[in-house]
Amino acid sequence: ELKLILKQDLDLDLDVPKFNCFFPGNRLNDDQARELFKNTLAHRQSFLDLATMDAGVSTQGLRVAGVPIGVEAWVTKFVEEKIQDVIVDVGKIDHVLTDGILHYQMLRFCQNTRPGFLTRNTPTPLISESLGRLDSVILESMCTKGTGGTHTDWTSEQRSFANMKLQLPHHRGGYGITPVAGSGISAFYASSASLVRWLGLHSNAQQDLVNLAAVWAPGQNLSNPDVWTAPLLQALKCSHALLLAEYECVEWGPAAGPAPSAAPVAIAGPVDTQNPTAGGTRHGKPPSALSPLVLPPLSMLFESSQGEGRRNSSAEEQQPDGERPPADPSQRTITAHLMQCWKDHQDVLGHIALARSEEYLKLQSVQRIPAIPKTESDTIFNEYFPQTDPVDPNAQPANPAAPAEKKKIWNLNWSPLSWMADMSAQRPVTRFSMDLWMSFFCRSMGAPIPMLQAHAMARTRCSCKIFSLDPQGDHVLTCKKHTGATRGHNHVMDVLAQLARNTGCSVRVNHKVSTTAAVGNKQGDVELLNFGLDGYTNLVIDVSICCDHIGSSTVQNGNLNGKMQTNDYLEERARVKIRKYRHDYAVVGTAFAPAIVSVAGQIHPEFLRLLWVLADKQTRNYYALIGAEEEIGGMAFTWSRARTFSYNKNSIGKAIAYATATRLHLSVHSTAPPARRQAGQPMSSDECLLHGAAHASHRAPPRPAPPRPAVNVGEGAHNVAPSTHATCADASRDADVVAGGTHAAGGVAAAEWLAATLGDSVINTAAPGDSGDGGDGDDCAGDDRIATHSSLHDDAMSDDNDDDKVDTLDVILGHVSQREDAGYDDAGEDVSVGVGVSAVVGVGVNGQGVSLGVGLGNSLVVASPPLTSLDS
């Protein structure tokens, strides 16, 4: 009969092999129940159709639509098996994935959410232990992948902080992996309370409906929780009591006061309320005590639902706030409240060893930036963010008896880590290799970066030969000698250029950007043609990445290094950019906007406004393209623009993280010889890494892999043959310039060989009387010399003066390091780049090959090389 009804009414086929019978209670065992069931089928005519079904029989429990129903031991075992399957899959992901961000997203969105259906339908006390075990496995997997296993050397305080940050939401500076044990409590409570509310809504005698409460919960007085006997209802009582006892929730009543259901849950966190954050914004002030979450009494769940529309009656709306019943809190609201008083997060902050970690937690928390600045001069986008009329504080209200209206403030929110939850396709595609992911992960945790820690213990000096490397990477992020500076800067620039192209504007990048009319011939990073700002034709943007911590200071013997910036460093960098570019570009009818960010993810307000403007233009162009101009400004348009704005923010946030990780990913060619060498034999950078890693991990050094061809930089390299055409000029140590030098392998001109080897954007031949650095220098005046562009973004991730120039030697070494694929020949032999005592650069295989004579300024010469030269 059941099979027939399902087919006729619902067009469903009964799956006979999945048909099971459950005998609740402890009066029968499985064998007795199976025999009783068989005898019943054989002797009762109405059950003959079931005799061929081969139904399963159990007295312990059964699964209905994926939900276990039965005795507690059987349900607990069922859940443990499901959780074990998830844990096994976590191990498979650890073994297979080598992209850090993909590994994170697979754990968060696939494995961490798999028990969600079970948690909504299974009583919490039966599954809390299994869910806690899954949380521990996911945290361990994240830490192992993010540190390469070195997290085992962390202190207990550092590990507790890392666990907390991984589980905090993005707006509080975390990774957003909500613990399943916590979300399970809120999921079961919200779903069970909604069931009781729904039964009350559909159990009114005045309705022409079946009394669902009598059918679904027979023998249960849903208005009196004290007499509930059904397992599900009793579990709801336990969850309600748990929230009241351990998670600072209160039950609504006259003593509880008005229900704060409309107010957002307060955001608690380690916030410095004295000093504003970068960009002049402040984080929300943490409350002195956590605001309690008001829950409706269980008896009201059923009673207040009696009568359709009662909750929206006019009589109830006229009740004072303190007498109005609260709405049922959503699962999201309960989870957010639980995370603020989660037991594993208590007493984590405040330890002296976590000062660095807490600073980064604050830096990566949400920024709320006023969209409309205080003065018009603070933004170039005034037409998009017009100033509002000031309100006279002494003016009398029109209706003194009416309650004062709350002034609405338009804020643009920026969360540095929200990009981690974005799974949309982005261009250019950004992959976090394990080295890059470890650098990003460890720095965001305030923990030592494994590779840099190894170099720090070996006292390896930076290529600037002034500072030794620190394990946190502060100096690497501020030193211009590091070869990853330009690469990281250009990545953010390319992503911003792609977002600009999405608006439909023609975009120029890097050396194709228009220059200013001033003598300096200055040049920005990105130019949007015909952008359409009032009074301007084009828009030029210049990107700069600052470090939130001091890393290259010689004040007080370098004691300031490693400390967090106390001033508004983003605003200061923006003012430098504006002074340098805005007036000169305005002369030629071009607007200028700085795009300033920090390595921690902080953003300058003008950059965030720019991202909003790009989203607005893109959305307007799209609506015009589909012929829906009349809908611009409507609700659908607003939501579409918000989605595009979110995409822009996530793209830039991910680009910042990738750029920072690229800069932190130390290569051997970015270091100088260590400050301390082993007796009898010099220590190379590779040996420093292995030696330091062995000391850092307190384990035997691993067996070194076959050496990968790399470009090594050293001072006074002995394997460089000095150029015969490069002669030192008296005491100035400048090399004579021979622009007509040729490359032996075919007689190629020097300028052509350098352009082909290092790139056209790096080397050019300056005309007589011109300056190859864009007009800022006069070292090449009067000679036909090979010079470099100064627009190699000296401000990339640096705290130094924005007007500093990059000399030719820095350009050559930086570009050789960025072209590691050209750093060795087909036979795999190493190519060395050495700086001789007479300021001579030689490039060759085993000390022979092309020799380049380099002066201390912008002069460069190519001499005739030995007969043995590069094959490629």
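Scroll up for the structure.
Conventions we followed
- Residues numbered from 1 in each chain as written.
- Predicted model: local features only at pLDDT ≥ 70, side-chain atom pairs only at ≥ 80, totals over all residues.
- Heavy atoms only, no water.
- Axes fitted to C-alpha atoms, helices over the stretch in contact; angles between N-to-C directions.
- Helix = DSSP H or I, 4+ residues; strand = E, 2+ residues; numbered from the N terminus.
- Parallel < 35°, antiparallel > 145°, perpendicular 65-115°, else oblique.
- Contact = heavy atoms within 4.5 Å.
- Expected span 1.5 Å × (residues − 1).
- Buried < 20%, exposed > 50% of the residue type's maximum accessible area, 1.4 Å probe, protein only.
- Arc of directions from axis to C-beta.
- Polar contact = N/O pair within 3.5 Å; in protein donor to acceptor, adjacent residues only side chain to side chain.
- Salt bridge = Lys/Arg side-chain N within 4 Å of Asp/Glu carboxyl O.

**Q** Got a minute to help me understand the packing of helix H15 (residues 434-444) against helix H20 (residues 635-664) in this structure?
**A** The relative placement of two packed helices is expressed as an angle between their axes plus a distance between the axes. Interaxial distance between H15 and H20 falls to 8 Å at its minimum, and their mutual angle equals 105 degrees. For the element pair H15 / H20, the angle class is roughly perpendicular. Within the contact between the two elements, H15 uses Leu436, Ser439, Phe440 and Arg443 and H20 uses Ala657, Tyr658, Ala661, Thr662 and Leu664.

**Q** So what exactly am I meant to see when it comes to helix H10 (residues 231-246) here?
**A** Structural remark: α-helix, 3.6 residues per turn; residues separated by three or four positions point the same way. Here H10 is 16 residues long and its end C-alpha atoms lie 22 Å apart, about the 22 Å a rise of 1.5 Å per residue gives. Within the span of H10, buried status applies to Leu233, Ala235, Leu236, Ser239, His240 and Leu243. Burial along H10 is one-sided: seen end-on, the buried residues are contained in an arc of 160 degrees. Exposed positions of H10 whose direction lies more than 90 degrees from the buried face are Pro231, Ala245 and Glu246. Glu248 occupies a position one or two residues after H10 and carries a positive phi of about 55 degrees.

**Q** Please clarify how the environment of Asp13 should be interpreted in this entry.
**A** With respect to the element layout, Asp13 can be found in the loop between helix H1 (2-10) and strand E1 (20-22). In the structure, Asp13 is positioned 10 residues away from Lys3 in sequence and 6.9 Å away in space, judged by C-alpha atoms.

**Q** Where do I start with the environment of Asn121 in this structure?
**A** Relative to the helices and strands, Asn121 resides in helix H5 (residues 116-121). Spatially, the C-alpha atoms of Asn121 and Val67 are 6.6 Å apart, while their sequence positions differ by 54 residues. Residues in contact with Asn121, not counting those within four places in the same chain, are Val67 and Phe188. A distance of 2.8 Å separates a polar side-chain atom of Asn121 from the backbone oxygen of Phe117.

**Q** Whenever I open this one, the pattern of salt bridges confuses me. Can you help?
**A** Opposite charge on two side chains permits them to pair, given that their charged atoms come into close proximity. Taken as a whole, this structure holds 14 salt bridges when the rule is applied. The shortest N-O distance in the salt bridge between Asp474 and Arg356 comes to 2.6 Å. Within this pair, whereas Asp474 is found in the loop between helix H16 (450-457) and helix H17 (484-501), its partner Arg356 is found in helix H14 (residues 355-363), the two being separated by 118 residues in sequence. Each member of the pair Asp474 and Arg356 is classed as buried. Its salt-bridge partner being Glu571, residue Arg575 comes within 3.3 Å of it at the nearest N-O pair. One end of the pair is Arg575 and the other is Glu571, both in helix H18 (residues 569-587) and 4 residues apart, which spans about a single turn. The exposure class of Arg575 is partly exposed, given its relative accessible area of 47%. Overall, Glu571 belongs to the partly exposed group, its relative accessible area being 23%. Linked by salt bridges that have partners in common, Asp89, Lys92 and Arg114 make up one network.

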